[in-house]
Structure formats: structure tokens, C-alpha cells
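# Analysis of the macromolecular model
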Amino acid sequence: IDLKEEAARISYVDKKTKDGKTLKLGVINLPSFYADSEGGERSCFEDMRKLVKEANAKKVDGIVLDLSHNGGGVLGEAVRIGGLFIRKGNIVETQDSGGRVELLADLDSTMDYSGPLVVLTSRLSASASEIVAGALRDYKRAVIVGSDHTFGKGTVQAVMKLRDDLGAIKVTTGMFFTPGGDS
């Protein structure tokens, strides 16, 4: 996957309110939760942090985080991105088939953006995008807008290599839950 094509990007839109006031909105399109597996420094978290900083510098009145075509990706990146918009706290809880629970949290008390936030989802939004949207909703940091539901998979998966270079299989290893306990 070419990370340049999947990279987060921002555009700015001016919208007039009913009372004639003009609002400047930053629209961040995040098509996937990516990280450079080749040991490079490219990650969606770092890209998002730069875009949020840019939006703050341009004094936007609000941010729209577009996850409507985001099918998921690297879970750790989703946790870090959720942390851009909250002080600190649990982003997702995973539970394996043995009942073991793991909490993945933002431990950094820095909130990179504290203004109005809308998260755009669709039926294509899955996995890590559902986690971020659910956490921001549960913390009352964002309004979720879009389809009547997301993809709704709600599972944690791992890729396991097969012996003798026969390929790999993706195995469901658990379920994830939002900070409010929703699957």
C-alpha cells in the first residue's frame, strides 16, 4: 500500500450559519490507520498531529474527522489518535476468548484539539475507525454523523504466518469494546 495515497489530509471549508456568521472548518480525511512497517517514521498519528496543529494555527471553529471510508488498520495508531482529542483515558478494551481483558489507553494528558469535533462515519467505517468514533462519543468529545450504523465487526484479529512459506491466515482473537462498554 502506498502510504502517500492513504495519508491523512486536511482541507478547509467556510460555512455560513443561519445568522450569517462564517465558520471555518477543518476537514481531516483519514482513509486508514497506517504505520510504516518498514521501520520508517510514517504513521497516521504523526500525520494527524501535524494536521491538528495546522488547524489550530489557522484558528478553525471546528474539525470534521472523516472516517467514512476508513476500514481500520493499526490498532495502536487508533488509540494514539483518539488521544489527540481527550485529556487521558481508556480508548478501547479488548477481551479474548479466555475472558482476559486488556485496556488500551491514552496516558498523555495533552489534548491537542479541544474545540468542536464531528466524526463522519458510514457503513464502510470498520474496526479502528469504530473504536475512535466510539471513544470520542463516550467521552462526549464528538458528535458522530453518518449512516445509521458502521460495519460493526467489533473483533480483534491477528495475522499468523503458515509454515513452509504457505502464506498467512487472519485469526479472530477477541472482541473490542468502547470505554462505555459497547461492542
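Below or above, wherever it landed, is the structure these notes cover. (Residues numbered from 1 in each chain as written. Predicted model: local features only at pLDDT ≥ 70, side-chain atom pairs only at ≥ 80, totals over all residues. Heavy atoms only, no water.)

## Describing the pairing of strand β5 (residues 101-106)
Regular strands show a simple pattern: their side chains alternate between the two faces of the sheet. Threshold: Two strands pair if DSSP finds at least two bridges between them. A run of H or I in DSSP becomes a helix once it reaches four residues, and a run of E becomes a strand once it reaches two; helices and strands are each numbered from the N terminus.
With six bridges connecting them, strand β4 (residues 89-96) and β5 associate as antiparallel partners. Looking at β5, one finds that Glu 93 is bridged to Leu 103. Taken together, β4 and the strand that follows it, β5, pair antiparallel across an intervening segment of four residues, in which Gly 99 is found at a positive phi of about 85°.

## Quick notes on the sheet that holds β5
Our working rule: Only the contacting stretch of a helix is used when fitting its axis, a line to C-alpha atoms as for every element, and angles between N-to-C directions run 0 to 180 degrees.
In space, the four strands of this open sheet follow the order β5-β4-β9-β8, with antiparallel pairing throughout. Strand pairing shows two members of the sheet lacking a second neighbour, β5 and β8 (155-161), which therefore form its edges. Sheet twist, expressed as the mean angle between neighbouring strand axes with direction ignored, is 35°. Inspection of the sheet shows β8 paired to strand β9 (residues 168-177) by seven bridges, in the antiparallel sense. Across the sheet, Ala 158 pairs through a bridge with Val 171, a residue of β9.

## A word on the packing of helix α2 (residues 44-57) against helix α3 (residues 75-82)
Selection criterion: Throughout this description, any angle smaller than 35 degrees is read as roughly parallel, any larger than 145 degrees as roughly antiparallel, any in the 65 to 115 degree range as roughly perpendicular, and the remainder as oblique. Crossings are assigned a handedness: left-handed for a near helix turned anticlockwise from the far helix by less than a right angle, right-handed for a clockwise turn. Contacts: residue pairs with any heavy atoms within 4.5 Å of one another. Throughout this entry, Asp, Glu, Lys and Arg are counted as charged residues, while Ala, Val, Leu, Ile, Met, Phe, Trp, Tyr, Cys and Pro are counted as nonpolar. The remaining residues, Gly among them, count as polar.
Orientation of α2 relative to α3, taken along the N-to-C sense of each, is 20°, at an axis distance of 9 Å. Classed by the angle they form, the pair α2 and α3 counts as roughly parallel. The hand of the α2/α3 crossing is right-handed. Note on element contacts: α3 touches α2 through Glu 77, Arg 80 and Ile 81, opposite Cys 44, Phe 45, Glu 46 and Met 48. Split into classes, the residues belonging to the contact of α2 with α3 amount to four nonpolar, no polar and three charged.

## Focus on the environment of Leu 124
Where we set the bar: Residue exposure (1.4 Å probe, protein chains only): buried if accessible area is under 20% of the type maximum, exposed if over 50%, otherwise partly exposed.
Within the secondary structure, Leu 124 is located in the loop between β6 (117-121) and α4 (128-138). Overall, the relative accessible area of 52% leaves Leu 124 in the exposed class. With 57 residues separating them along the chain, Leu 124 and Leu 67 place their C-alpha atoms 8.7 Å apart. With near-sequence residues (within four places) excluded, Leu 124 lies in contact with Ser 68, His 69, Asn 70 and Gly 71.

## What about the sheet that holds strand β7 (residues 143-146)?
Sheet architecture is open: five strands sit in the order β1-β2-β3-β6-β7, paired in mixed fashion. The strands lining the two open edges of the sheet, one partner per strand, are β1 (9-16) and β7. Across the sheet, the mean angle from the axis of one strand to that of its neighbour is 25°, orientation sign disregarded. With five bridges joining them, strand β2 (residues 22-29) and strand β3 (residues 62-66) adopt parallel strand pairing. Bridge pairing links Leu 25 to Gly 62 in β3. In the packing of α2 onto the sheet, contacts are made with β1, β2 and β3, and the angle to β1 comes to roughly 30°. Packing of α4 onto the sheet brings it into contact with β3, β6 and β7, and relative to β6 it is tilted by some 145°.

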